Amino acid sequence: MSSRFQAVAVFCGSRFGHDPAFREAAAFLGQGIARHGWRLIYGGGHVGLMGEVADAVLRAGGQVSGVIPHFLSSREVMHERVSDLEITDSMHARKQSMYAQSDAFLVLPGGLGTFDEFFEVLTWRQLRLHDKPILVIDVAGWGRELVAVVDAAIERGFAEPGARELFTLVGDVSEALAALEAHVPAVQEGDPALL
Ligand SMILES: Nc1ncnc2c1ncn2[C@@H]1O[C@H](COP(=O)(O)O)[C@@H](O)[C@H]1O
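Since the structure is predicted, the reported quantities are computational estimates derived from the model, not experimental observations. (Residues numbered from 1 in each chain as written. Predicted model: local features only at pLDDT ≥ 70, side-chain atom pairs only at ≥ 80, totals over all residues. Heavy atoms only, no water.)

**So, the site of the ligand**
Part 1 of the argument: In the neighbourhood of the ligand, 16 residues make up the surrounding shell, with S14, E76, G111, T114 and D116 lying closest.
Part 2 of the argument: Contact between the ligand and G111: an oxygen atom at 2.7 Å from a main-chain N or O atom of the residue.
Part 3 of the argument: Burial of the ligand by the surrounding chains reaches 78%, relative to a free accessible area of 480 Å².
Part 4 of the argument: When residues of the shell around the ligand are traced back to their parent elements, those giving at least two are α3 (91-101) and α4 (112-126).
Part 5 of the argument: Considering each element in turn, the shell around the ligand owes the most residues, five residues, to α4.
Part 6 of the argument: Split into classes, the residues belonging to the shell around the ligand amount to five nonpolar, six polar and five charged. (Near = heavy atom within 4 Å. Polar contact = N/O pair within 3.5 Å; in protein donor to acceptor, adjacent residues only side chain to side chain. Areas by Shrake-Rupley, 256 points an atom, 1.4 Å probe, with all protein chains shown as cover. Helix = DSSP H or I, 4+ residues; strand = E, 2+ residues; numbered from the N terminus. Nonpolar A, V, L, I, M, F, W, Y, C, P; charged D, E, K, R; others polar.)

Spelled out as structure tokens, the structure:
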């Protein structure tokens, strides 16, 4: 339960995907986040895996902060029962707020929006704008497929081999929770190179 983390962001699909394992992993992650006493920072919707994670945290007695742009509040069915809901003017403001509130980023299966969110925090870390942990959680091979894109960019000379060190691929939700518990920051807070 003790940890240096206060809040963790989860990026994941606004759909459930075809494999029931995706939904199970989302619920298990939500329970784990609540058990560790971390606040969930997420996209504020009540649909797909996003809604599943948030509901699981709330059911387990945890705290949830949703951040949703006004124009998506009906499409992604704004979650009415979260502890705190921020409505932003734009996608950019949503991502900036989620980024600022989070001590770490967890990536569960999802689609294009999830890819965007993952690659944004990854590229920001590449630019040394932050040093927050990024964990891609493999569920039914989804994480390995995502990481294969990064590996291909390295292999073809479009990214440094060191890009692979900017995030961690973990085999399941339990491994992700254990990795966060064990995480030791590489750079001390206050480093002027970091946001
Ligand atoms: N272009 C986008 N930038 C950031 N976030 C986005 C973008 N497009 C969609 N999203 C959000 O990501 C989540 C998950 O979307 P999936 O496509 O289902 O993975 C959702 O909240 C989208 O609003």
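Read on, since the account is not over.
**Some details on the sheet that holds strand β3 (residues 64-69)**
Part 1 of the argument: What the seven strands build is an open sheet, ordered β4-β3-β2-β1-β5-β6-β7; its pairing is parallel. The open sheet is flanked by β4 (84-88) and β7 (168-170), the only strands paired with a single partner. Ignoring which end each strand starts from, the neighbouring axes of this sheet average 25 degrees apart.
Part 2 of the argument: Relative to strand β5 (residues 104-107), strand β1 (residues 7-11) runs parallel, the two being bridged by four bridges. Along β5, the bridge assignment pairs F11 with V107.
Part 3 of the argument: Each of β1, β2 (39-42), β5 and β6 (134-137) touches helix α1 (residues 20-35); the most contacted strand, β1, lies at about 170 degrees to it.
Part 4 of the argument: Against the sheet, helix α5 (residues 142-155) contacts β5, β6 and β7, and its axis sits at roughly 125 degrees relative to β6. (Pairing = 2+ DSSP bridges. Axes fitted to C-alpha atoms, helices over the stretch in contact; angles between N-to-C directions. Contact = heavy atoms within 4.5 Å.)

**Points about the pairing of β1**
Part 1 of the argument: Taking burial as the measure, the five residues of β1 include five buried ones, the bulk of the element.
Part 2 of the argument: Side chains A7, A9 and F11 of β1 all project onto a buried face; the interleaved residues V8 and V10 project onto the opposite face, where all are buried too.
Part 3 of the argument: Strand direction decides the pairing type here: β1 and β2, joined by three bridges, are parallel. Note that in β2 the partner of V8 across the bridge is L40. (Buried < 20%, exposed > 50% of the residue type's maximum accessible area, 1.4 Å probe, protein only.)

**Describing the nonpolar core**
Part 1 of the argument: In this structure, V10, L29, I33, L40, L106, L108 and I137 are the most contacted members of the largest nonpolar core, which totals 55 residues.
Part 2 of the argument: Non-local contacts of L29, meaning those with residues more than four positions away in its chain, are made with V10, L106, L108, I137, V173 and L177. (Core = buried A, V, L, I, M, F, W, Y, C linked by side-chain atoms within 4.5 Å.)

Take it as geometry only, folks, not as evidence of what the structure does.
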